[in-house]
Amino acid sequence: MKRIAILASGTGSNARKIVEHLQGNNHIEVALIASNRKTAGVLSMAEEFGITSSVISRNDFYESDAFLTHLQSAKIDWVILAGFLWLVPRNLIQAFPDRIVNIHPALLPAYGGKGMYGMNVHKAVKKNAEKFSGMTIHLVNEKYDDGAIVFQGRTDIEANDSAEDIAAKVLKLEHEYYPIVVEGLVMAQS
Ligand code: GAR
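Note that this is a predicted model, so its numbers are computed, not measured.

K.L.:
Can you walk me through the sheet that holds strand E7 (residues 149-156) in this structure?
P.N.:
Think of a sheet as strands paired side by side through backbone hydrogen bonds, with each pair either parallel or antiparallel. Spatial ordering of the open sheet is given by E3-E2-E1-E4-E5-E6-E7, a layout of seven strands whose pairing is mixed. A single partner strand is all that each edge strand has here, and the edge strands are strand E3 (53-55) and E7. Taken pair by pair, the neighbouring strands of this sheet meet at an average axis angle of 20 degrees, ignoring direction. Note: strand E5 (residues 100-104) against strand E6 (residues 132-139), four bridges, orientation antiparallel. Bridge assignment links Val101 to a residue of E6, and that residue is Leu139. Lying on the sheet, helix H2 (residues 41-48) is in contact with strand E2 (28-35) and E3; it crosses E2 at an angle near 145 degrees. Contacts from helix H4 (residues 66-73) reach strand E1 (2-7), E2, E3 and strand E4 (78-81), with the element oriented near 160 degrees to E2.

K.L.:
Honestly, the site of the ligand in this entry has me stumped. Any pointers?
P.N.:
Around the ligand, a shell composed of Thr11, Gly12, Ser13, Asn14, Gly83, Ile103, His104, Pro105, Met116, Tyr117, Gly118 and Glu174 is seen. A distance of 2.9 Å is found between an oxygen atom of the ligand and a backbone nitrogen or oxygen belonging to Asn14. Separating an oxygen atom of the ligand from a backbone N or O atom of Gly118 is a distance of 3.0 Å. Within the complex, the protein chains bury 87% of what would otherwise be the 450 Å² of accessible surface of the ligand. Comparing atom positions with the cavity grids shows the ligand to sit within the largest pocket.

K.L.:
Teacher, can you tell me more about the pattern of salt bridges here?
P.N.:
Side chains bearing opposite charge may pair, as long as their charged atoms lie close to each other. With the rule as written, the count across this model stands at five salt bridges. When the shortest N-O distance is used, the salt bridge between Arg3 and Glu29 registers 3.4 Å. On the criterion of sequence distance, the pair formed by Arg3 in strand E1 and Glu29 in strand E2 is long-range, its members being 26 residues apart. We classify Arg3 as partly exposed; its relative accessible area is 25%.

K.L.:
Help me out: how do you make sense of the packing of aromatic side chains in this one?
P.N.:
Within a pair of aromatic rings, the relevant descriptors are the distance that separates the centres and the angle that separates the planes. Applying the stated rule across the entire model yields seven aromatic pairs. The interplanar angle of 70 degrees and the centroid separation of 5.6 Å between the aromatic rings of Phe61 and Phe84 together place this pair among those described as edge-to-face. Remark: Phe84 occurs in the loop between E4 and helix H5 (90-95) and Phe61 occurs in helix H3 (residues 58-63); sequence separation between them is 23 residues. Like Phe61, the residue Phe84 is buried in the burial classification. Of the aromatic side chains, those joined through ring pairs into one cluster are Phe61, Tyr62, Phe67, Phe84 and Trp86. The side chain of Arg58 reaches across the aromatic face of Trp86, ending 4.5 Å from its centre. If you follow Arg154 out to its NZ or CZ, it ends over the ring of Phe132, 3.5 Å from the centre.

K.L.:
Please clarify how the pairing of E6 should be interpreted in this entry.
P.N.:
Regular strands have side chains that alternate between both faces of the sheet. Among the eight residues of E6, seven are classified as buried, and the element is accordingly described as predominantly covered. Both E6 and E7 contribute to a ladder of seven bridges, which runs antiparallel. Paired with Phe132 across the strands is Asp156, a residue of E7.

K.L.:
Explanation requested: the side chain of Asn14 in the structure shown.
P.N.:
On the secondary structure map, Asn14 appears in helix H1 (residues 13-22). Under the relative-accessibility criterion, Asn14 is labelled buried at 7%. Discounting chain neighbours no more than four positions away, the residues touching Asn14 are Ala82, Ile103, Leu171, Glu174, His175 and Tyr178.

K.L.:
When you look at the packing of H1 against helix H7 (residues 163-188) in this model, what are you seeing that I'm missing?
P.N.:
Geometry of a packed helix pair, given as the angle between the helix axes and the separation of the axes. Two numbers describe how H1 lies on H7: the axes approach to 9 Å, and their chain directions differ by 45 degrees. When the axis of H1 is compared with that of H7, the two are oblique. For the pair H1 and H7, the crossing hand works out as right-handed. The residues of H7 that touch H1, namely those facing Ser13, Asn14, Lys17, Ile18, His21 and Leu22, are Leu171, Glu174, His175, Tyr178, Pro179, Ile180, Val182 and Glu183. Class assignment of the residues belonging to the contact of H1 with H7 gives a composition of seven nonpolar, four polar and three charged.

About the criteria used
- Residues numbered from 1 in each chain as written.
- Predicted model: local features only at pLDDT ≥ 70, side-chain atom pairs only at ≥ 80, totals over all residues.
- Heavy atoms only, no water.
- Pairing = 2+ DSSP bridges.
- Helix = DSSP H or I, 4+ residues; strand = E, 2+ residues; numbered from the N terminus.
- Axes fitted to C-alpha atoms, helices over the stretch in contact; angles between N-to-C directions.
- Contact = heavy atoms within 4.5 Å.
- Near = heavy atom within 4 Å.
- Polar contact = N/O pair within 3.5 Å; in protein donor to acceptor, adjacent residues only side chain to side chain.
- Areas by Shrake-Rupley, 256 points an atom, 1.4 Å probe, with all protein chains shown as cover.
- 1 Å grid on protein atoms, 1.4 Å probe; cavity = no way out; pocket = protein on both sides within 12 Å on 5 of 7 lines; lining within 4 Å.
- Sits in = over half its atoms within 2 Å of the grid points.
- Salt bridge = Lys/Arg side-chain N within 4 Å of Asp/Glu carboxyl O.
- Buried < 20%, exposed > 50% of the residue type's maximum accessible area, 1.4 Å probe, protein only.
- Phe/Tyr/Trp six-rings, centres within 6.5 Å; stacked < 30°, edge-to-face > 60°.
- Lys NZ or Arg CZ within 6 Å of the ring centre and 35° of its normal.
- Parallel < 35°, antiparallel > 145°, perpendicular 65-115°, else oblique.
- Left-handed = near helix turned anticlockwise from the far one by under 90°.
- Nonpolar A, V, L, I, M, F, W, Y, C, P; charged D, E, K, R; others polar.

Following this line, the structure appears as structure tokens:
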């Protein structure tokens, strides 16, 4: 059995899709859901599914090995970021080489980097009158949105699409592909 942890800062709609999808897989368990925000919707979702959850403090994440130790004692094999907005520190990257995955709501390397998250991305895409956007699933290294790309999905943008319309199109792609790409990555390492 492979054990995954999902880290999310917000609603956790992608986290929910992953949890729902993996209920049908006997080889992968979502063993932990963690958030840096104690009011994040993703924590209620964890409770709904009876999944262990925790709130991450800056101190535990950046100033000590406390969060790493937490993952290791939960025997976590893979760390899946789903709308998690903190930069992942070196101790975690080194402990989980090529085992930390992120999703980004644009076609990287475009519209990536610090400050490029959520609606900031879609507003920038709209401002530049892009004809298409999409989502990127990538491995995580020590820089924002910089690791090896695993999968990209693309969607057309109509001239009259608002930033919110673009966000909805991209989120639909994320929900469609993130669960199966995560499953594929984890199964390939089993
Ligand atoms: C998703 O669109 C994800 O791509 C984005 O946050 C959203 C989380 O939505 N991530 C980033 O912007 C990371 N740079 P969710 O909480 O409903 O899954």
